Structures are given as C-alpha cells and as structure tokens.
Protein chains: 2
Amino acid sequence: MSEVVRKASLARQTAPRLGLLTTAQKNAALLRMADALVAEAESIIEANAEDLHRGRENGTSPSLLDRLALNLPRIEAIAQGLREVAELPDPIGDTLEAFERPNGLQIRKIRVPLGVIGIIYEARPNVTVDAAGLCLKTGNAVVLRGGSSALSSNKRIVEVLHNALAGTDIPPDALQLVLDPNRSSVDEMLKLNGLLDVLIPRGGASLIQNVVKNATVPVIETGAGICHTYIDESANPDMALQIAINAKVQRPSVCNSMETLLLHRRFAEAHLPTFAEQFIQQQVELRGDESALLLAPGLSLASQEDWDTEYSDYILNIRVVDGLDEALDHIRAHGTMHSECIVTENAENAARFLQEVDAAAVYHNASTRFTDGFEFGFGAEIGISTQKLHARGPMGLPALTSSKYCVTGSGQIRG
Amino acid sequence: MSEVVRKASLARQTAPRLGLLTTAQKNAALLRMADALVAEAESIIEANAEDLHRGRENGTSPSLLDRLALNLPRIEAIAQGLREVAELPDPIGDTLEAFERPNGLQIRKIRVPLGVIGIIYEARPNVTVDAAGLCLKTGNAVVLRGGSSALSSNKRIVEVLHNALAGTDIPPDALQLVLDPNRSSVDEMLKLNGLLDVLIPRGGASLIQNVVKNATVPVIETGAGICHTYIDESANPDMALQIAINAKVQRPSVCNSMETLLLHRRFAEAHLPTFAEQFIQQQVELRGDESALLLAPGLSLASQEDWDTEYSDYILNIRVVDGLDEALDHIRAHGTMHSECIVTENAENAARFLQEVDAAAVYHNASTRFTDGFEFGFGAEIGISTQKLHARGPMGLPALTSSKYCVTGSGQIRG
C-alpha cells in the first residue's frame, strides 16, 4: 500500500468520529495545537532552516525564500490564526431547513462535515497549519500534500500538531501529511475516490490546472484571477484613480489584483495622462491598445496575449472602450470570473454591471482587492473558489461542509 | 468543429442573456413549450414509433420498451410537468445573504444561474423535456445528450420545443440536443471546460461512473443506492414490516429502494419467519447470512458480493446483527450514502442513527422510498445527488444555481 493510500485510509477511518465531536472538543484541540506550535517554535525554525538552505542551493528566488521563511513572530501569527479559528462559530449541526410534509414526515436539513479533504499546495508552510485548523474545526479529516520546498518545515509542523492532538478528542490520524515529494503522490491523490471527498488545490495556475484536468475526486477550483476595473464616463476621477492604483499595486502578486484597466473613451481623453503618470510613478509597466497609446506617453502596445495574461506583477493593460457594453464584452471575453469592478456615478450603469458581469465578486466603487475571506468578515479563508459549483468566491468554514436530510416519521410508507 | 462543440458554443452564447430574463419571461416560454408538445403530440408519437420499432428489432426488453414508449396521456403528463415547473418559485435573483462591513462595503450574495448545464442520460424521452424545463426555469442553457434508443423521439421533441421557443424571450439556442449517437460525443462533452459549467449524468451505474471517472467539467453525481433498513430490538413489528415491504417492493427498480434488511437478533428471533413469508409472498428472492438462514426457511446464503450489490430488483439481503453498532458498521462498509433507515421505538437509538449515519437522507420510522424531490415538496427533481459537494439528496431548482457577491462601495480601497 502506498503512503498516500495508507494515510488517506487512516484519515478516512477517523471521519465518523470527527463528525460527532462537540464544538468545545474541537476548539480545545485547536488551542492545544496553537500552544504547541509556539512551544516548539525553535525546532520548527530549525527544520525550516533546512528548507531554506536547500532552497538557496537550488537557486530559489529571494521572494520565494521569504515566503518560505519562518521565524518566531511568523509562528506566533500562525498560532494566533488557529486561536481565531477556534473563536469562530461552528457550522456543523446547524439546521439549514426544517419543514413538515402533509403526510407528517418531519424533514430537517443539517450541516455535516464533508468527510476527508485533500489539500494540494505549494511553498508556504503556514498553509499546513491554516488548512489543518479549518478542516478540523469543521469536523473534517485532512490529507495535506505540500510542496517539496517546504517538506522539512511541514514535516516538523505536523509532528508538533500530532503530539498536541494526542492529548485531545481529535484523533491525530485525522491530520495526515504526505511526505513523498514525487509528482506521482499528487497523481495518486487525484484519483482517490472513496477515500477523499474533495480536493482543494492552492497554488499557481499549473498546479491548479493539473488538479482540475486530472482529478476524478470532486475539486473546488481556486485561484486564477484576470480582474478588470472599468472606469465609466461619469466616474469621480479621484476615486477612480485611488481604486485603480489600489487594485494594481497594493499587492500585485495575488489573484484579486487588477490586470486590465478599461477606460471610457471620454474619461480616458480627460484623465489617462494623469493615470499613466501615477502608475508609472508606482513602477507599473503599462501596455495599452492603440487608443490608449495616442492619449498618453509611456505605454507600449499590448499584444493579443496580454489581455489574457495574469501578470501577478507590476504590469497593467489599459484599453479604451466606447462605453459599458464594450467593457462588458471585454470582460466576458478575457475575464476569469473572479473579481470585476466598475467605477461610476451612474446608478443605472452600476446596476447593469453588477447584474450582467458573471464573476464570483462584482464591485461598484471599491477595489477588487477586497475579495478575501477576512475582508468579507468570514474570519477565515480556505481559498477563493473560481468555480460555480458548491462555493463561489471567498470560502469560509461553511464551504467545508455538506448537508444531510434527517427524516422523522411515524411509520409512513410511499403509496 | 464537432457537433458537440458547435452546439455547446451556441448554448454558451445565450447564457448571459438567459441570466437576465424575468421570471415572467421564463414562465411564458415554459407554458409555450407545454402547449406545443400537446399540439404536436401526433408527430412526436410517430417519431417515437421509429424508436420502438428499432428497439424491437434490436431485441430490447419489454420493460425498457415500455419506458421508451410515448402516447397522448404520457405526452400530456410531460407537458403538465412543464406547467408545474412554471408555477414554482424562481430562485434566480434571490438574496442569500446581505451584510455591511465596518468600512461601509455593502455585500450581497445573490443567486445566479450556473450557466450551461450538460445532461447525459439514457432511454426515457421524458427526461429531455424535464431537464430542459428545469434548466431554462433557472436561467441556464442546456446541452442534452440522450441515449441513442430514444434518438428519434428526442429529436422531434427538441424540434417542437425549438419552434415553441422561437416566439418567446428564451433564445432557442439555449436548448441543444446532441444527435451524434457515438460514444465519442459523450467523451467530448466530459472535457468541455469553459463551455459547460457542470455535467449531470442520469442513468445506470456504468453511465454515471464513466462520467465521474473521465469528466474534467465539474460533475454532480447521481444515482447509485444500496439502501438499508435496520429494524431495532424495540421496533413496532407491524410498522417495521410495512416499512420494509414498502422500501423493497413499492418500486424495486429505483435508487431509493432497499437492498439489505438488517435485523436486531432478538427482533429477528421473534419476527423473521413472518417477514420472510411476507417477502416471499411478494415474489422477493431472499438471501441471508447464516443466522438469518437458521431463523427462517426460504433464504439462500448471501455471497460476500451480494452485500455490495444494487439489485434494483425483487431480491433482498437479510442480515442479523447484535445491535445498533453492528448495523452502523455494516452500513458504513456497504452503503452508498444514499438513503438509510432505522425502525425503532428507542429515541436514543433513533437519535444516534440519524446523527451517525453519513447519507444524503437518513430516516427514522419511514420508508427510504421518500427520498425524492416531489416527496420532499420541492415540486421538481433533476436527480438525487449522492456526492457531498454542492448538493446532496434530492435536487430541486436551487441545485441548478450558483451565487455571486455584489459589493457596493463609496471608494473603499484596501489598506
């Protein structure tokens, strides 16, 4: 039996018991996990040093090394995250619907755990703890398969968490980490129907596409965001500039940042030079269509491909459009249904944009950067779903649950 | 471009428009479709005769031919189904959540269509109309791929529906029927990410497993049901007998019928002979474990495989267990998480069963045959989901929807 099958089977065996735990039992375990991470911070930092050393030897970029690095403040922040998850309301057992049928059957729809969740992710070791906390809080077992670059850190973190769980009502086997760094261990997870109930990939586009294209286990797709901000003719220029700058540069590497700015022609004629100047001042490289190039200096001509590229970097496409309809068409053709924004003082155009744009989150007069479980007030986030099934947009604890119908009768049979 | 890609593309192009239709516009179209089916019943029956003729030549069984056959009352019933869907509340546009963040952002979660739904199904031509009606009512476009045995019927039905839609606000292209009877057209649908948002297979286990195992488009799995009824020591014997008989013989061919009866040993000692006699009188072949064989005549020994078989027929497994825990273990090992029942007068055991059994529908003192969208009062059913993502159990109109977050601000940017 392979490591993946063995560990998924162990996790599966704990699922019935996990589903019966009380909120207090689960929270007590989460707090123990948090305490243990801080108490064992030194050994985690030592393990992390091995990953960093290997990374440097392999020529990993400084920015990736920074994402990988753990220190005491970071470990304390990760532990604090677990404590905050413990504070969140537990969705398990909630009654979602309750009704009586004319024949007297009492039907209740109850929230239950999904069962066993597989998480396939890349570098950052904080995901190991975050994902474990969110899954266990919702009564799910979890099989983690992190990136090989963080293997030593992840291994030590999970050892610490296992030791902490040993003194709680959550069986340690509910948390599994796949150590096999070969791609084949991922391939195996993708087909584990019956042992895994759902897969959540977290990472870059190629990781996610591999999971989406090859998994037979149901997947919640997260990630890719080619987000647009459309500045309408009537937009308040100061507000528009602030929102556009924020959407691009506040954190360009994340999925809810803007890749393309669409400007109404009359707005562009008046304001594109200022906008371009401001973006260039923020170190943003600008690529535009021909109209944009005529209106402001400092832009290079965007290629066809650019409109379909998630830069996740200080690069921005700018296109001039004749109005809302052309903006909607552009978004339909090039968007990834993640986050889209209109800046306008025209209520009718705002309403049309909110209704007609098909995306997880649609904004009027606010930065697309708000598409985030914490910013939405969910208190947690397992990822941002970009698919339409099950969950869409930022996923908090309820996205990690399913439901069942409990039917109480008095001898009813079907006629 | 293949037929499948061409038709899915046409359907996709209608999706934005469909999502904006009012309930009145959609209902008017559904009523037109219903009227047209009745008005054109004669030509549909003629087309159906071709299918029946081909079926008889191919040696199709009488029961399958009966499922395939259309006549005026059946067509009127199908049309009536569309009228009932028109009467149902339209979930699209419903506000699922609404809240304000401390920074003033107003966030609303709104129900929206899924987009384009692919339905892959077998013989019965009524599914063509049912599925079309439910998808269009929820603002979804639909690509139907029915079985080749009903091809002439389906083709004529869709022609009739297209003609009816031509005079309505639903573009006829929103409804597509794949005519290519080759298996390759199914294979192609399974990979149409970007054109199809979800696939719903309806039919036998092999059809469903093919879709689940090979689709890269998200799937809602429906179908397989190995359902158990557990008769506890304290059960009312008359109630238990009625529920067990109903669960097995009221319609053995469907997924919510019982395959295995679990009997508490003391209950079995007192009542198995009567139960066996009653089942045999109903033409049910009985297969039991060794204990059951010792307690009643007329049973043959069940094989290991029998406990994992969905007979969908007049065959029943009977196992004697020592109590609730053994029943729960058996269900965990052999159930398909569809519908499970306990008959008991012991409130504590009932509560444990309802909580601990992981299935779409769990019953206390009622027949598993009630797992059905109409019996649950949903007024419609696109299938019974046996997966945990998105929808679980009988699926009514809300199962055909997704959601989006509409965020209204006044210039908020992320700090």
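Because the structure is a prediction, the values reported are computed rather than measured. (Residues numbered from 1 in each chain as written. Chains lettered and ligands numbered in written order. Predicted model: local features only at pLDDT ≥ 70, side-chain atom pairs only at ≥ 80, totals over all residues. Heavy atoms only, no water.)

## Focus on the domain arrangement of chain A
Residues and elements named next belong to chain A.
- In terms of domain boundaries, chain A breaks down into domain 1 (3-221 + 387-407) and domain 2 (227-370).
- Sorting the residues of domain 1 by area buried against domain 2 places Lys-388, Arg-392 and Gly-393 first, and these three jointly supply 78% of that buried surface.
- Linking domain 1 with domain 2 are two salt bridges, by the criterion used here.
- Asp-358 serves as the salt-bridge partner of Arg-392, at 2.9 Å between the closest nitrogen and oxygen.
- Here the residues of the side of domain 1 that touches domain 2 sort into no nonpolar, one polar and three charged. (Domains from an automatic or database assignment. Buried area = accessible area lost by both parts, 1.4 Å probe. Salt bridge = Lys/Arg side-chain N within 4 Å of Asp/Glu carboxyl O. Nonpolar A, V, L, I, M, F, W, Y, C, P; charged D, E, K, R; others polar.)

## A short note on the pairing of strand E7 (residues 227-231) of chain B
Residue and element names in this part refer to chain B.
- Buried residues dominate E7, accounting for five of its five residues.
- Burial along E7 is two-sided: the face carrying Cys-227, Thr-229 and Ile-231 and the face carrying His-228 and Tyr-230 are both buried.
- Of the pairings in the sheet, the one linking E7 to strand E8 (residues 258-264) comprises five bridges and is parallel in character. Counterpart to Tyr-230 in the pairing with E8 is Leu-262.
- Crossover connection from E7 via helix H10 (residues 237-249) to parallel E8: handedness right-handed. (Buried < 20%, exposed > 50% of the residue type's maximum accessible area, 1.4 Å probe, protein only. Helix = DSSP H or I, 4+ residues; strand = E, 2+ residues; numbered from the N terminus. Pairing = 2+ DSSP bridges. Right-handed = clockwise from strand over helix to strand, strands pointing away.)

## Points about the UniProt feature "domain: Aldehyde dehydrogenase" (unreviewed entry) in chain A
- The positions that UniProt labels "domain: Aldehyde dehydrogenase" (unreviewed entry) are, in the present scheme, residues 5-284 of chain A.
- The annotated region residues 5-284 of chain A carries 52% helix and 16% strand content, and the separation between its end C-alpha atoms amounts to 47 Å. (UniProt positions renumbered as here; feature names shortened; annotations may be inferred.)

## Observations regarding the packing of helix H13 (residues 324-334) of chain A against helix H14 (residues 347-356) of chain A
Residue and element names in this part refer to chain A.
- Put simply, H13 and H14 touch, their axes get as near as 11 Å, and they point 20 degrees apart. The angle between H13 and H14 falls in the class roughly parallel. For the pair H13 and H14, the sense of crossing is right-handed. Facing Leu-324, Asp-325, Leu-328, Ile-331 and Arg-332 of H13, the residues of H14 in contact are Asn-349, Arg-352, Phe-353 and Glu-356.
- Among the residues forming the contact of H13 with H14, the class breakdown is four nonpolar, one polar and four charged. (Axes fitted to C-alpha atoms, helices over the stretch in contact; angles between N-to-C directions. Parallel < 35°, antiparallel > 145°, perpendicular 65-115°, else oblique. Left-handed = near helix turned anticlockwise from the far one by under 90°. Contact = heavy atoms within 4.5 Å.)

## Points about the relation of the copies chain B and chain A
- When chain B is brought onto chain A, the operation consists of a screw motion whose angular component is 180 degrees and whose axial shift is 0.0 Å, with 0.0 Å RMSD remaining. Taken together, the rotation and translation relating the two chain copies correspond to the operation of a two-fold axis. Within chain B, the C-alpha atom positioned nearest to the axis of rotation is that of His-390 of chain B, 1.8 Å from it.
- Mapped onto chain A, 99% of the interface residues of chain B are again interface residues, and the two copies thus contact each other with one and the same surface. (Least-squares fit on C-alpha atoms with pLDDT ≥ 70 in both.)

## Looking at the interface of chain B and chain A
- With 71 residues of chain B at the contact, the number on the chain A side is 70 residues.
- Taking both sides of the interface into account, the surface hidden between chain B and chain A amounts to around 5,800 Å²; carbon and sulfur atoms contribute 54%.
- Counting the surface chain B buries against chain A, the share from its top three residues, Leu-389, Tyr-405 and Arg-414 of chain B, is 15%.
- Remark: the boundary between chain B and chain A carries five salt bridges.
- As a salt-bridge pair, Arg-414 of chain B and Asp-372 of chain A come within 4.0 Å of each other at their nearest N and O atoms.
- The interface formed by chain B and chain A holds 39 residue pairs in polar contact (both at pLDDT 80 or more) in total.
- Among the elements of the structure, strand E2 (106-113), helix H9 (205-214), H10, helix H14 (347-356), strand E13 (361-366), strand E15 (393-395) and strand E16 (401-412) of chain B are those that each provide at least two residues to the side of chain B that touches chain A.
- When residues of the side of chain B that touches chain A are assigned to their parent elements, the largest contribution, eleven residues, is made by E16 of chain B.
- For the side of chain B that touches chain A, the class distribution of residues is 34 nonpolar, 24 polar and 13 charged.
- Bridge count for strand E16 (residues 401-412) of chain A against E13 of chain B is five bridges, and the pairing is parallel. From the neighbouring strand, Cys-406 of chain A faces E13 of chain B, where its bridge partner is Val-362 of chain B. (Polar contact = N/O pair within 3.5 Å; in protein donor to acceptor, adjacent residues only side chain to side chain.)

## Re the environment of Leu-328 of chain B
- Its place among the elements puts Leu-328 of chain B in helix H13 (residues 324-334).
- Between the C-alpha atoms of Leu-328 of chain B and Phe-353 of chain B, which are 25 residues apart in sequence, the distance is 7.5 Å.

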